[in-house]
Amino acid sequence: MYDLIGDIHGHAAPLKALLKAMDYFEQDGVWQHLERTVIFLGDFVDRGPEQLEVIRIARSMVEHGHAQAVMGNHEFNAVAWATPNAEIEGEYLRIHSDKNHNQHVEFLTQVNADSELHEEIIAWFKTLPLYLDLEGLRVVHACWQPASLQELKHHTDDKNCILPEAWAELTRKGSAGFEALEIVLKGLEIPLPEGVDFADKDGHRRQHIRTKWWDSKAVTYRDIAMVPLEIIELIPHEPISDGLLSSYANDKPVFLGHYWLNTDPAPLNEYIACLDYSIAAKPPKNGIDNRKLCAYRWSGEQLLCTENFISVNHQGDIVNAR
Ligand SMILES: [Mn+2]
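About the criteria used
- Residues numbered from 1 in each chain as written.
- Predicted model: local features only at pLDDT ≥ 70, side-chain atom pairs only at ≥ 80, totals over all residues.
- Heavy atoms only, no water.
- Donors = N, O, S within 2.8 Å, 3.2 Å for Na, K, Ca; no water.
- Helix = DSSP H or I, 4+ residues; strand = E, 2+ residues; numbered from the N terminus.
- Buried < 20%, exposed > 50% of the residue type's maximum accessible area, 1.4 Å probe, protein only.
- Pairing = 2+ DSSP bridges.
- Axes fitted to C-alpha atoms, helices over the stretch in contact; angles between N-to-C directions.
- Phe/Tyr/Trp six-rings, centres within 6.5 Å; stacked < 30°, edge-to-face > 60°.
- Contact = heavy atoms within 4.5 Å.
- Expected span 1.5 Å × (residues − 1).

Asks: Would you take a moment to explain the coordination of the manganese ion for this structure?
Replies: Four donors placed tetrahedrally around a metal ideally meet at 109.5 degrees, and six donors placed octahedrally ideally meet at 90 or 180 degrees. For the manganese ion, the protein coordination sphere consists of Asp43 (OD), Asn73 (OD1), His141 (NE2) and His258 (ND1), at 2.2 to 2.3 Å. Each donor residue of the manganese ion lies on the same chain, and together they follow the pattern D-x29-N-x67-H-x116-H. You can see Asn73 sitting in helix α3 (residues 73-82) and its partner His141 sitting in the loop between β7 (137-140) and α6 (146-152), a full 68 residues away along the chain. Taken as a pair, Asn73 and His141 share a single burial class, namely buried.

This is the structure:
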């Protein structure tokens, strides 16, 4: 059975502590368990201090059959950053802007950009599937939406890995493949009703909101919006237009990462669990440090429960274990 691990973002020490807490052990450089295997939810890189060690641990587990992994938006971006744009001389599939560079600079420094190791890691990222549909459970970095997964079938092989020739199309803003990939790796955004917008924390006017797409009870835009508390009042309490959401079929549990939660670990609902508890967030200036690396120990159950979460903090202490 599977132990699912959320976004790590270069924090190897909590990763080892979490593996140890679940009775995994390292043998000949490969972490393993006698009866269980890991599924990583993506976002191995960017931000944290030990990104190469995180990749070494995850990759060796995958290559020796002790883990599976899906691609996160940060791995997708890392590949696009390193891939020349065949149509524009000197450009890359992910533009080397200051903003994109800042987001990726920790990785580029640690890996020594353009080194052999960099190339090798990018090659490994390309082997990560966009999602896993296994017996009894599903795994995707941000959003399980059948229409988007269907669209992505045009761009992936039979293991759900991006085809070599599809990278250019999937990075082309506005293409059907790009839009589908955005949803799957970064979550579902929906447009607000005609004429409604709000200012985000940087003062930018926004006409779209991130959604809690898993909330099948949400009726209004405000119910479904995933926005900071100070902004929620600006989102209208109007019924969401038809066709913007497709509620999850609730026929199999789904595991996600991506959402930087900072609550106590618990499923989002009986069928859906997010395991990203913000291990890579900045420490709070005051108040309690709630940053955790989180796992869910799945043993075949169809209804997810809080008792099966286990997480560690930056000190490697187990918090919220069963
Ligand atoms: Mn992510």
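Asks: Just to check I follow, could you spell out the sheet that holds strand β12 (residues 254-256) for this structure?
Replies: By definition, the strands of a sheet pair up through backbone hydrogen bonds, in either a parallel or an antiparallel sense. The four strands lie next to each other as β6-β7-β12-β13, forming an open sheet whose pairing is mixed. Strand pairing shows two members of the sheet lacking a second neighbour, β6 (131-134) and β13 (272-274), which therefore form its edges. Sheet twist, expressed as the mean angle between neighbouring strand axes with direction ignored, is 15°. Of the pairings in the sheet, the one linking β6 to β7 comprises four bridges and is antiparallel in character. Across the sheet, Leu134 pairs through a bridge with Leu137, a residue of β7.

Asks: Hey, could you run me through the packing of aromatic side chains in this one?
Replies: Aromatic ring pairs are described here by two measures, namely the spacing of the ring centres and the angle between the planes. Tallying each qualifying case throughout the model produces eleven aromatic pairs. Here Tyr2 and Trp298 contribute two aromatic rings whose centre-to-centre distance is 6.2 Å and whose plane-to-plane angle is 15°, an arrangement assigned as stacked. Pair noted here: Tyr2 is in strand β1 (residues 2-5) and Trp298 is in strand β14 (residues 293-298), with a separation of 296 residues, a long-range link. Look at Trp298 and you get buried, because its relative accessible area is 3%. The interplanar angle of 75° and the centroid separation of 5.1 Å between the aromatic rings of Trp214 and Tyr259 together place this pair among those described as edge-to-face. Separated by 45 residues along the polypeptide, Trp214 in the loop between β11 (208-210) and α9 (221-224) and Tyr259 in the loop between β12 and β13 bring together distant segments of the chain. Taken individually, Trp214 and Tyr259 each receive the classification buried, so the pair is uniform in this respect. Taken together, the ring pairs connect Phe40, Phe44, Phe107, Trp124 and Phe125 into an aromatic cluster.

Asks: Got a minute to help me understand α3 in this structure?
Replies: Counting buried positions along α3 yields nine of ten residues, so the element is predominantly enclosed. If you check which residues of α3 are buried, you get Asn73, His74, Glu75, Phe76, Asn77, Ala78, Val79, Ala80 and Trp81. The elements touched by buried residues of α3 are α4 (98-111), α5 (116-125), α7 (167-170) and α8 (176-186).

Asks: Could you clarify how one ought to interpret helix α2 (residues 51-63) in this entry?
Replies: Each α-helix turn comprises 3.6 residues. Residues three or four places apart therefore point the same way. With 13 residues, α2 ought to run about 18 Å at 1.5 Å a step, and its terminal C-alpha atoms sit 18 Å apart, in line with that. Considered for burial, the residues of α2 that qualify are Gln51, Val54, Ile55, Ile57, Ala58, Arg59, Ser60 and Met61. Buried-residue contacts for α2 involve α1 (12-21), β3 (30-32), β4 (37-40), β5 (67-69), α4 and α5. Gly65 sits one or two residues past α2 and shows a positive phi near 80°.

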